[in-house]
Amino acid sequence: GYTKCYYTLEEVGGLFPYFFYTVVYFALVEIGIYWMHRTLHTNKFLYKHIHMPHHAYSRPETLTPWASIAFHPIDGMLQACPYVLCLPIIPCHYLTHTAMIFATAVWATYIHDSMDWNIDPIMGSKYHTVHHTHYIYNYGQIFTFCDRIWGTLRVPVGKTGVLKGEKKVKLLPAAKGLFGSGRGGKAKLI
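The present account deals with the structure reproduced in this document. Treat the numbers as computed from the prediction; the structure is a model and nothing was measured.

Attention now goes to unusual backbone geometry. Backbone geometry follows two general trends: most residues other than glycine have a negative phi, and most peptide bonds adopt the trans configuration. Its identity as a non-glycine residue notwithstanding, Tyr135 has a phi of 70°, on the positive side. Along the chain, the position of Tyr135 falls in the loop between helix H5 (125–134) and helix H6 (145–150). Under the relative-accessibility criterion, Tyr135 is labelled partly exposed at 29%. The residue Asn138 is not glycine, and still its phi comes out positive at about 55°. The topology assignment puts Asn138 in the loop between H5 and H6.

Right under this line is the structure:
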């Protein structure tokens, strides 16, 4: 076929090649989703007509698991396409590929719940809440490494979930990425 999908470990050479290719495949998918998501924000036409409806949920109190499925269909297809575009390049077990797609849907539900949980290098809900409140940070899907490399990672300090009274979400200063600007300098409150 057109992809390098396989059905048995023997087809790829055993367990070690399976794990190696799975890590490479998932890393490339993560990079692809990062750049697709960032492009949906930086391209004015795509943002206005495709991605902006998803960002109607721009405050922690409006972020719920339902926000994870509140997007334009083309937005969903664009952000899912790295899973398909990587298949002709990197071998991936059919069931692993299917499990990754399912896990992505579950993960999207979690990160849109504005809970206060993060464990670096995982892109937890605190990071994604910052993405929805600031728009230009934390584009990654599962991990923070792309935002760290390209200078768009902003680390929240303290609670980011629903706050009573004055908003007090503090962001650490952005560090300069390996290949890009950190997009800002001073810590600020939102």
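Our next topic: the side chain of His132. Here His132 is to be found in helix H5. Residue class for His132 comes out buried when judged on its relative accessible area of 0%. Side-chain polar atoms of His132 contact the side chain of His54, separated by 3.2 Å. Only 3.3 Å separates the side chain of His132 from the side chain of His112, close enough to count as a polar contact. Look past the residues within four positions of His132 in its chain and what remains in contact with it is His54, His55, Tyr57, Ser58, Leu63 and His112.

About the cut-offs
Note on numbering: residues in each chain are counted from 1, in written sequence order. Local features are withheld for residues below a pLDDT of 70 in this predicted model, meaning they are given only at 70 or higher, and side-chain atom pairs are given and counted only at 80 or more; totals for whole chains, interfaces and linings count all residues. Hydrogens and waters are ignored; side-chain quantities use all the structure's heavy atoms. Here a helix means four or more residues in a row that DSSP labels H or I, a strand means two or more in a row labelled E, and each is numbered from the N terminus. Only protein chains enter the accessibility calculation, which uses a 1.4 Å probe; a residue whose area is less than 20% of its type maximum is buried, one above 50% is exposed, and one in between is partly exposed. N or O atoms within 3.5 Å of each other form a polar contact, as long as, within protein, one can give a hydrogen and the other can take it, and as long as residues adjacent in sequence are counted only when both atoms are side-chain atoms. A contact between two residues is defined here by any heavy atoms of the two lying within 4.5 Å.

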